[in-house]
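Observations on the model geometry
These are the residues of each chain, in order.
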Amino acid sequence: MAHLRPLVPELAEKARNELNEVPSRITDDLAALKAWLLKQPHLNPRMDDQFLVNFLRGCKYSLEKTKEKLDNYYTVKTAIPEFFDNRDPDNASLQSYMSFGVNLPLPHTLEADGPRFMLVRMGAYDASKYSIVDVMKVCYMITDLLLVNDDSSIIAGHMVLVDLRGLTFAGLSQFNPTFIK
């Protein structure tokens with residue numbers, strides 16, 4: 001039996017109707033995915049049911065698409081480790097980046113099966129004083145928390161609202177890949 005958080009009825013229905021989720025098949029789908037992951041020596045994956053079922057949902061239960069998405073997920077973490085290493089949320093430096101509110105998950109919508117709204121405030125920090133690497137690290141930390149803990153975001157999706165107020169040329173220039181290393 002899979003160890004999953006129970007879904008509110010509206011999200012369970014959306015998962016069945018829009019993501020091809022068949023509750024009686026989840027245990028077998030997870031077993032097949034875990035068997036594949038164990039044969040991937042280049043990955044060091046999480047194997048908990050909730051994490052993996054969220055990838056299955058994100059790929060509408062296509063096992064091949066889920067394998068590709070998991071491989072890409074871990075490849076990105078390896079390719080740009082500066083975004084994924086040293087992610088202790090109690091770290092004083094990261095706490096200051098979190099306080100900028102660059103990437104804010106907003107409260108749920110009125111509908112139980114509605115999407116998660118995110119507010120991205122690109123001009124919320126002084127680019128001449130702070131590193132885009134650490135800003136992005138915090139953004140990815142929040143995204144990873146939603147991946148594991150927010151069924152609405154996984155099943156109903158998310159909408160991103162971008163606020164460019166306060167964005168300077170210095171801030172915009174940080175998005176050039178040459179500034180990352």
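Residues numbered from 1 in each chain as written. Predicted model: local features only at pLDDT ≥ 70, side-chain atom pairs only at ≥ 80, totals over all residues. Heavy atoms only, no water.

For lysine 137, the location among the structural elements is in helix α6 (residues 132-149). Since its relative accessible area comes to 6%, lysine 137 is described here as buried. Setting aside residues no more than four positions away along its own chain, lysine 137 makes contact with Glu82, Phe83, Asp85, Asn86, Arg87 and Leu94. (Helix = DSSP H or I, 4+ residues; strand = E, 2+ residues; numbered from the N terminus. Buried < 20%, exposed > 50% of the residue type's maximum accessible area, 1.4 Å probe, protein only. Contact = heavy atoms within 4.5 Å.)

In this section: the packing of aromatic side chains. For the coordinates displayed, the defined rule picks out 10 aromatic pairs. Three or more aromatic residues link up through ring pairs in this structure, and these residues are Phe51, Phe55, Tyr73 and Tyr74. (Phe/Tyr/Trp six-rings, centres within 6.5 Å; stacked < 30°, edge-to-face > 60°.)

Let us now look at the layout of surface pockets. Put simply, the largest pocket is a space of about 690 Å³. As for the largest pocket, its lining consists of 26 residues, and the residues nearest its centre are Tyr140, Thr143, Asp144, Leu147 and His158. Counting only elements with at least two residues in the lining of the largest pocket, the list comes to α3 (49-58), α4 (63-79), β2 (116-121), α6, α7 (151-156) and β3 (158-163). For the lining of the largest pocket, the leading source of residues is α6, giving seven residues. Mapped onto the domain boundaries, the lining of the largest pocket takes at least three residues apiece from domain 1 (9-79) and domain 2 (91-174). (1 Å grid on protein atoms, 1.4 Å probe; cavity = no way out; pocket = protein on both sides within 12 Å on 5 of 7 lines; lining within 4 Å. Points joined across faces, edges and corners; volume = space filled by probe spheres on them. Domains from an automatic or database assignment.)

This part covers the domain arrangement of the protein chain. On domain assignment, one finds that the protein chain holds domain 1 (9-79) and domain 2 (91-174). For domain 1 versus domain 2, the distance between C-alpha centres works out to 24 Å. In this assembly, 13 residues from domain 1 lie in contact with 10 residues from domain 2. Carbon and sulfur atoms supply 66% of the area that domain 1 and domain 2 bury against each other, a total of about 1100 Å² over both sides. Taking the shortest distance from any N to any O, the salt bridge between aspartate 144 and lysine 77 comes out at 3.3 Å. Linking domain 1 with domain 2 are three residue pairs in polar contact (both at pLDDT 80 or more). (Buried area = accessible area lost by both parts, 1.4 Å probe. Salt bridge = Lys/Arg side-chain N within 4 Å of Asp/Glu carboxyl O. Polar contact = N/O pair within 3.5 Å; in protein donor to acceptor, adjacent residues only side chain to side chain.)

Another aspect to go through is helix α1 (residues 9-19). Among the residues of α1, those classed as buried are Leu11, Ala12, Lys14, Ala15 and Leu19. On an axial view of α1, the arc spanned by its buried residues comes to 160°, and they lie on one face. Those residues of α1 that are exposed and aimed more than 90 degrees away from the buried face are Pro9 and Asn17. Backbone geometry just downstream of α1 places asparagine 20 in the positive-phi region, at approximately 65°. (Arc of directions from axis to C-beta.)

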